[in-house]
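Fold and geometry: a report
What follows is the residue order along each chain.
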Amino acid sequence: MSKLAFAAVAVMVAGTTAAQAADLPYRSRAPYTVNQPLNAYSWAGPYLGATLGYEWGSVSNTPTKPKGIVGGVTAGYNWQSGPIVFGVEGDISGTGADDRFGDYKFSNPWFGTARGRIGYSFNNVLLYGTAGLSFGSLQAERAGLQQSQTSVGWTAGVGAEVGIYQNWTAKIEYLYVDLSRNTYTLTGTDSALSFGTVRLGVNYHF
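First, a word on scope: everything that follows refers to the structure included in this document. If you're wondering where the values come from, they're calculated on a predicted model, not measured in any experiment.

**With respect to the overall build of the chain**
Counting secondary structure elements, the chain contains one helix and 10 strands. Expressed as a percentage of the 206 residues in the chain, the buried residues total 43%. Here the contacts in the chain between residues at least 6 apart in sequence split such that 61% fall between residues at least 24 apart.

This is the structure in structure tokens:
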């Protein structure tokens, strides 16, 4: 083979390799992945995000059913082995969920969760389940007075997350949250808040 032909073949191979590299899924070279094919999408590593959704629930021993908009911030870390993705995630949210009955009102000003996640990835699509601890505030109002109690409980849910552009992903998630019961002297009841929430979110993966 002449030197000219050899040079032409080398250029063609280099061009093909560059084109294939450009076509690789986003985040294919993240350093946090173990046992991961070179050309597979990587979910591994730390991330930060934000969520916006809707909450609806009920307060035990009362007819109130607080509901409203919820929004917050999220932080987490994933590990990955092949298509299996597992990690930890925490979030804190403010809410406008409330409901009134007679002369009193119950509201949920904020809540947070600390959860484990495990899922199965189809390249840049991740389906997952999640469960862990929840904590939050249930506030009673009556005759111009307020009484807030902070409770700890549990949460569980499911979600789907999709890689949309380079380090960005988008997700939809359902969580069920159950907070422990407290005594409210304003209403004369032992009450607990439980609710479901559906949230849309975006995450930036480092």
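**Quick word on the pairing of strand β3 (residues 84–101)**
As paired strands, strand β2 (residues 67–81) and β3 are joined by 13 bridges and run antiparallel to one another. Across the sheet, the residue bridging to Asn78 is Gly87, located in β3. Hairpin connection of β2 to β3: two residues between the antiparallel strands, including Gly82 at a positive phi of 60°. Where β3 and strand β4 (residues 104–122) come together, 16 bridges link them in antiparallel fashion.

**Overview of the packing of aromatic side chains**
Under the criterion given, the structure shown has 13 aromatic pairs. Between the aromatic rings of Trp110 and Phe135, the centroid separation amounts to 6.2 Å while the plane-to-plane angle is 55°, which identifies the pairing as tilted. Taken as a pair, Trp110 in strand β4 and Phe135 in strand β5 (residues 125–142) lie far apart in primary sequence, 25 residues in all. Aromatic side chains Phe111 and Phe195 sit 5.0 Å apart centroid to centroid with 70° between the ring planes, which places their arrangement in the edge-to-face category. You can see Phe111 sitting in strand β4 and its partner Phe195 sitting in strand β10 (residues 193–205), a full 84 residues away along the chain. Summarising the burial analysis for this pair, Phe111 and Phe195 share the class buried. What links up through ring pairs into an aromatic cluster is the set Phe101, Tyr104, Phe106 and Tyr184. One residue, Arg117, lies across the ring of Tyr128, its end atom 4.3 Å from the ring centre.

**With respect to the sheet that holds strand β6 (residues 145–165)**
If you walk around this closed barrel you meet the eight strands as β1-β2-β3-β4-β5-β6-β7-β10, and the pairing is antiparallel. Across the sheet, the mean angle separating the axes of adjacent strands is 20° when strand polarity is ignored. Pairing geometry for strand β1 (residues 45–59) and β2, over 12 bridges, is antiparallel. From the neighbouring strand, Gly45 faces β2, where its bridge partner is Asn78.

**Some points on the side chain of Arg117**
Mapped onto the secondary structure, Arg117 falls in strand β4. A polar contact of 3.5 Å, which involves the side chain of Arg117, links it to the side chain of Asn78.

**Observations concerning a nonpolar patch on the surface**
A cluster of nonpolar side chains, Leu52, Tyr54, Trp56, Ile69, Val158, Ile172, Tyr174, Val198 and Leu200, forms an exposed patch at the surface whose accessible area comes to about 840 Å². Contributing elements (two or more residues each) for the nonpolar patch: β1, β7 (168–179) and β10. Per element, the largest residue contribution to the nonpolar patch is three residues, and it comes from β1. Among the secondary structure elements, Ile69 is positioned in strand β2.

What counts and what doesn't
- Residues numbered from 1 in each chain as written.
- Predicted model: local features only at pLDDT ≥ 70, side-chain atom pairs only at ≥ 80, totals over all residues.
- Heavy atoms only, no water.
- Helix = DSSP H or I, 4+ residues; strand = E, 2+ residues; numbered from the N terminus.
- Buried < 20%, exposed > 50% of the residue type's maximum accessible area, 1.4 Å probe, protein only.
- Contact = heavy atoms within 4.5 Å.
- Pairing = 2+ DSSP bridges.
- Phe/Tyr/Trp six-rings, centres within 6.5 Å; stacked < 30°, edge-to-face > 60°.
- Lys NZ or Arg CZ within 6 Å of the ring centre and 35° of its normal.
- Axes fitted to C-alpha atoms, helices over the stretch in contact; angles between N-to-C directions.
- Polar contact = N/O pair within 3.5 Å; in protein donor to acceptor, adjacent residues only side chain to side chain.
- Patch = residues over 30% accessible without salt bridge, like charges linked within 9 Å, V, L, I, M, F, W, Y side chains within 5 Å.
- Areas by Shrake-Rupley, 256 points an atom, 1.4 Å probe, with all protein chains shown as cover.
- Salt bridge = Lys/Arg side-chain N within 4 Å of Asp/Glu carboxyl O.

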